[in-house]
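# Remarks on the overall topology
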Amino acid sequence: MPFVIAVVDDDSGYRDASEWLLRSGGYEVRCYESIAAYVDGHDPLLLGCSLIDLRLGEDNGIDAMKMARRKGHDAPAILISAYGNVQSAVRAMQMGAFDFVEKPCDNDKVLTLVAQACHHHQGIRQNYGTAVDAIRKFQRLTDREREIYWLLADGLSTKTLAGTLSISVRTAEAHRGRVFDKMEARSLGDIIHSAFHLKNVFN
């Protein structure tokens, strides 16, 4: 399956140039002129990465990343802007951007970053599955079960969990069992792995 790159930019000239560059590099490309078009229109199950403009009209690329995550998009995002600065770059990286580059972009650098991001995404999928699946399962949990989930994701034993919540071990075991059932987890490791995606969406 070829890697698919999403280009999110309100500048049609930049979208066309990026599409040409990426297709010449052997990638499939999907272009979007707004956050809404990208978040609602791009298939979150595709393997690849996203190139997102930091400024999209009144919106910004960091908001795009956050909105996309809630929809289950787990592909790495590379933020691009002609108006970038150190503060924007730092914030983008803190929010989980794969990297940050300024326009005009060096084509070789973009292709290198895209290749790195795509292979990083491939590793994420192999190790942690899809965010779409993790979110679907997590949304089955009650508020109390979500509280239990996060404690389990921190690696707490049932006994420690019971003490933390001031409940009996038997009650903690019952909650733990329901969380495992709804998350379709066979081990604590499965819970911890699912948290890789969920911590970026619900925390």
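The coordinates are above.
Description of the structure in this document. (Residues numbered from 1 in each chain as written. Predicted model: local features only at pLDDT ≥ 70, side-chain atom pairs only at ≥ 80, totals over all residues. Heavy atoms only, no water.)

The number of helices and strands found in the chain is ten helices and seven strands. With the C-alpha coordinates of the chain rotated into their principal frame, the extents come out at 60 × 35 × 25 Å. Buried positions account for 44% of the 203 residues belonging to the chain. Put simply, of all contacts in the chain between residues at least 6 apart along the chain, 67% involve residues at least 24 apart. (Helix = DSSP H or I, 4+ residues; strand = E, 2+ residues; numbered from the N terminus. Buried < 20%, exposed > 50% of the residue type's maximum accessible area, 1.4 Å probe, protein only. Contact = heavy atoms within 4.5 Å.)

Turning our eyes to something else, we now look at the pattern of salt bridges. With the rule as written, the count across this model stands at 15 salt bridges. We note a salt bridge from Lys71 to Asp40, for which the minimum N-O separation is 3.7 Å. Highlighted residues: Lys71 in the loop between α3 (61–70) and β6 (77–81) and Asp40 in helix α2 (residues 35–41), separated in sequence by 31 residues. Across the pair Glu145 and Arg178 runs a salt bridge, and its minimum N-O distance is 3.4 Å. Of the two residues, Glu145 sits in helix α7 (residues 143–153) while Arg178 sits in helix α9 (residues 169–182), which places them 33 residues apart along the sequence. Residue Arg178 is classed as partly exposed on the basis of its relative accessible area, which comes to 37%. (Salt bridge = Lys/Arg side-chain N within 4 Å of Asp/Glu carboxyl O.)

Here we take up the sheet that holds strand β7 (residues 99–102). Ordered in space as β2-β1-β3-β6-β7, the five strands form an open sheet in which the pairing is parallel. Unpaired on one side and paired on the other, β2 (28–32) and β7 mark the two borders of the sheet. When the angles between neighbouring strand axes are averaged without regard to direction, this sheet yields 20 degrees. Summarising the sheet, strand β3 (residues 48–53) and β6 pair through four bridges and their orientation is parallel. Residue pairing for β6: Leu51 is matched across the bridge by Ile78. Its contacts with the sheet place helix α5 (residues 107–128) against β1 (4–8), β3, β6 and β7, and it is angled at close to 130 degrees to β3. (Pairing = 2+ DSSP bridges. Axes fitted to C-alpha atoms, helices over the stretch in contact; angles between N-to-C directions.)

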